[in-house]
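Take a look at the letters that make up each chain.
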Amino acid sequence: MQANPLEIIKLNNLKLAAKIISRQLKNGVHLGKRIGAGSEFEQYRHYEPGDDTKRIDWKLFARSDKYMVKESPVESNLHIRFILDLSGSMNYEEKGIRRLDFAKNLLASLAYLAHQQGDPMTFFTLQNGAVLQKVAPSPKSFQKILYHLDADKASGSWPIQKQDFPVLKSNQRELIIMVSDFLQKENEWVDIVASMRHPKKEIVLFQVLGEQEMHFDLKGNYMFKDLETDHIIKMDGKSVQKTYNAAIEKYLQELDQAFHVPQVHLLRTTFHESIAEVISKYLLKNQLH
């Protein structure tokens, strides 16, 4: 049985939560994979100088007169870059669960899986127009990521002006995992993701939204507060329901289209879904690509 996110968050212990969530997942899961010499057959390729001749399929050679080498999926030792959005809108809360707390536990669990498989990790945060690298690759990366996740607070807004962040660019083979609400005024988040794209990279975007954000159905008078600007307006829920739902549906469709590009994968979830289920969906999708 999988713990719900409120139970996980109430633990107030990211390391323990990560271990619990990892136990809810299947054994032997990996965040990334590559093709190499392993025990489970995946595909053939032509023999190249330097390959172990023991990997040549001699039966296939007898039939085809071609030197073919077996390949299989193995552990990746893939560099993994974790990125957390710390804009003020990450403080949004529904039914006792804050988006930021869900995001922190999701990232802690993913980092724990990477730590278990021995992958080098870095950790970045995005806040008030600044990209900060909090953790560099080291044997203690996981512990340092947990430390910063515990301490980090969300506030402020992300500027809409297009900016260049060299620290996010590289031609290194890596898996980038970014957690955000991806709510933007123009194209600020789309631009950041576009700047990180490279043929050697896989980019996985976890969009974490509330149920009321995805489908607003509240009735009565409410005070709506912009968590990035603190601007407050009073409105009747019923009167804005139709307009809001049409606008958010259009926005999410446009976001899907913007991120429907090679090596970018958008996974949308609410923060009432089991974190283990969210990761399972990602791992399944990863295995299918």
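Relevant structure appears above.
Residues numbered from 1 in each chain as written. Predicted model: local features only at pLDDT ≥ 70, side-chain atom pairs only at ≥ 80, totals over all residues. Heavy atoms only, no water.

Caption draft 1: How the structure looks around the side chain of N245. Within the secondary structure, N245 sits in helix 8 (residues 237–258). Since its relative accessible area comes to 14%, N245 is described here as buried. Look past the residues within four positions of N245 in its chain and what remains in contact with it is M214, H215 and F216. (Helix = DSSP H or I, 4+ residues; strand = E, 2+ residues; numbered from the N terminus. Buried < 20%, exposed > 50% of the residue type's maximum accessible area, 1.4 Å probe, protein only. Contact = heavy atoms within 4.5 Å.)

Caption draft 2: Spatial organisation of helix 5 (residues 141–151). Listing the buried residues of helix 5 in full gives S141, F142, I145, L146, H148 and L149. Where helix 5 is buried, its residues meet helix 2 (14–24), strand 4 (79–85), helix 4 (99–116), strand 7 (121–127) and strand 8 (130–135).

Caption draft 3: Representation of the sheet that holds strand 8 in the model. Here we have six strands laid out as an open sheet, ordered 8-7-4-9-10-13, and mixed in their pairing. With one partner strand each, in any of the chains shown, strand 8 and strand 13 (264–270) form the two edges of the open sheet. When strand polarity is set aside, the average angle formed by the axes of neighbouring strands in this sheet is 20 degrees. Of the pairings in the sheet, the one linking strand 4 to strand 9 (residues 174–180) comprises six bridges and is parallel in character. (Pairing = 2+ DSSP bridges. Axes fitted to C-alpha atoms, helices over the stretch in contact; angles between N-to-C directions.)

Caption draft 4: Seen up close, the nonpolar core. F82, L84, L106, I177, F206 and I279 are the most contacted members of the largest nonpolar core, which has 48 residues in total. For this core, the element with the most residues is helix 4, which contributes eleven residues. Excluding its chain neighbours within four sequence positions, the residues that come into contact with L84 are M90, L100, A103, L107, F123, F124, T125, L126, L149 and V179. In this structure, I83, F182, W189 and I192 belong to the second largest nonpolar core, which totals 25 residues. (Core = buried A, V, L, I, M, F, W, Y, C linked by side-chain atoms within 4.5 Å.)

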